[in-house]
Amino acid sequence: MKTNKIVIVEDHILLSQAISSLVNSFNNFEVLYLCKNGKELVTKLKTPSNIPDVVLMDVNMPIMNGIETTKYLKDNYPGVKVMALSVEEDEDIIIKMLKAGAKGYLLKDVEKSILETALNEVINNGYYHTKDVSNILIHTLDEDYKNTKKQLKEREIEFIKHVCTELTYKEIAGKMFLSPKTIDGYRDSLFCKLEVKNRIGLVIYAIKNKIITL
């Protein structure tokens, strides 16, 4: 079987070495090298043979922290999966790491068996989330939804409801007693605000956010 290559980015040397020994004891995993910060990792990655399958990433590091480094990997080495390994339990930090591109988030006091499971899940399925992190994600998605709903004005919601019918934009203008030009403005503004590209995108948004029911 293929041996999966792991890199550890951690500024505490003794801890980094301890994690390395642990990972090397797992079946089908091998630590390529250790880095003290994100900048050191970026330099190492310029050599193709140094590109790993997974990076175990600390969050708080000098020079280039875990969030910055994870974002860099997502943009420049999308095939490299990042698993955060940190003492940080703050929800905002966890969300920032996941939004930056981390495929999972573990605390440093995690049991050996869970670390091994997490690495295998990231390799085989692309991500690994503990129950606590999953709950944070669900809460954040719910908050994002509420915030987006709050940003929509009543007339915008009315327009979206009309978009979900068979009415043309010109007919919607008549229903809302507005000019076609104003309706075009509503449409273009909502495309931008909701990050959709066409009328179908608006309909899908309306269904997902329960503006309309099927």
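Residues numbered from 1 in each chain as written. Predicted model: local features only at pLDDT ≥ 70, side-chain atom pairs only at ≥ 80, totals over all residues. Heavy atoms only, no water.

Caption draft 1: The pairing of strand S2 (residues 29-35), seen in detail. Pairing of strand S1 (residues 4-9) with S2, which is carried by six bridges, proceeds in the parallel orientation. Paired with Lys5 across the bridge in S2 is Glu30. (Pairing = 2+ DSSP bridges. Helix = DSSP H or I, 4+ residues; strand = E, 2+ residues; numbered from the N terminus.)

Caption draft 2: The packing of aromatic side chains, seen in detail. Per the counting criterion, the structure on display carries three aromatic pairs. When the centroid spacing of 6.3 Å and the interplanar angle of 15° are considered together, the rings of Phe159 and Tyr169 count as stacked. Of the two residues, Phe159 sits in helix H7 (residues 154-163) while Tyr169 sits in helix H8 (residues 169-175), which places them 10 residues apart along the sequence. Aromatic pair Phe159 and Tyr186: ring centres 6.0 Å apart, planes at 20°, arrangement stacked. Taken together, the residues span a long stretch of sequence, with Phe159 in helix H7 and Tyr186 in helix H9 (residues 180-194) at a distance of 27 residues. In terms of burial, Phe159 and Tyr186 fall into one category: buried. What links up through ring pairs into an aromatic cluster is the set Phe159, Tyr169 and Tyr186. If you follow Lys44 out to its NZ or CZ, it ends over the ring of Tyr33, 5.0 Å from the centre. Across the ring face of Tyr169, the terminal group of Arg187 is positioned such that the distance to the ring centre comes to 5.2 Å. (Phe/Tyr/Trp six-rings, centres within 6.5 Å; stacked < 30°, edge-to-face > 60°. Buried < 20%, exposed > 50% of the residue type's maximum accessible area, 1.4 Å probe, protein only. Lys NZ or Arg CZ within 6 Å of the ring centre and 35° of its normal.)

Caption draft 3: Representation of helix H3 (residues 66-76). The set of residues buried in H3 consists of Gly66, Thr69, Thr70 and Leu73. End-on, the buried residues of H3 take up no more than an arc of 100°, which puts them together on one face. Buried residues along H3 sit in contact with helix H2 (38-44), strand S3 (54-57), strand S4 (81-86) and helix H4 (91-100). Capping the start of H3 is the job of one residue whose side-chain oxygen sits 3.0 Å from the backbone nitrogen of Ile67: Asn65. (Arc of directions from axis to C-beta. Contact = heavy atoms within 4.5 Å. Polar contact = N/O pair within 3.5 Å; in protein donor to acceptor, adjacent residues only side chain to side chain.)

Caption draft 4: Region of interest: the nonpolar core. If you look at the biggest cluster of nonpolar residues, it comprises 21 residues, and the most contacted ones within it are Val9, Leu41, Val55, Met57, Leu73 and Met97. When contributions to this core are tallied by element, the ones reaching two or more residues are S1, S2, S3, S4 and H4. For this core, the element with the highest residue contribution is H4, accounting for four residues. When residues no more than four places from it in sequence are discounted, the contact partners of Leu41 are Val7, Val9, Tyr33, Cys35, Val55, Met57, Thr69 and Leu73. Residues Leu167, Ile183, Leu194 and Ile212 belong to the second largest nonpolar core, which totals 19 residues. (Core = buried A, V, L, I, M, F, W, Y, C linked by side-chain atoms within 4.5 Å.)

Caption draft 5: Summary view of the pattern of salt bridges. Counting across every chain of the model gives nine salt bridges. Lys71 is paired through a salt bridge with Asp75; the nearest N and O atoms lie 2.7 Å apart. You can see Lys71 and its partner Asp75 sitting in helix H3, four residues apart, about one turn around the helix. Members of the salt-bridge network, linked through shared partners, are Glu10, Asp58 and Lys108. (Salt bridge = Lys/Arg side-chain N within 4 Å of Asp/Glu carboxyl O.)

Caption draft 6: Region of interest: the environment of Ala100. Inspection of the secondary structure assignment puts Ala100 in helix H4. Setting aside chain neighbours within four positions, we find Ala100 in contact with Ile67, Thr70, Lys71 and Lys74.

Caption draft 7: Helix H5 (residues 112-125), seen in detail. When the terminal C-alpha atoms of H5 are compared, their 20 Å separation across 14 residues agrees well with the 20 Å that a helix rising 1.5 Å per residue should span. Within H5, the full set of buried residues consists of Leu115, Ala118, Leu119 and Val122. Angularly, the buried residues of H5 cover 95° about the axis, an arc narrow enough to put them on a single face. Elements that come into contact with the buried residues of H5 comprise S1, helix H1 (13-24), S2, S3, S4 and strand S5 (104-107). Two residues or fewer past H5, Gly126 is found with a positive phi of approximately 95°. (Expected span 1.5 Å × (residues − 1).)

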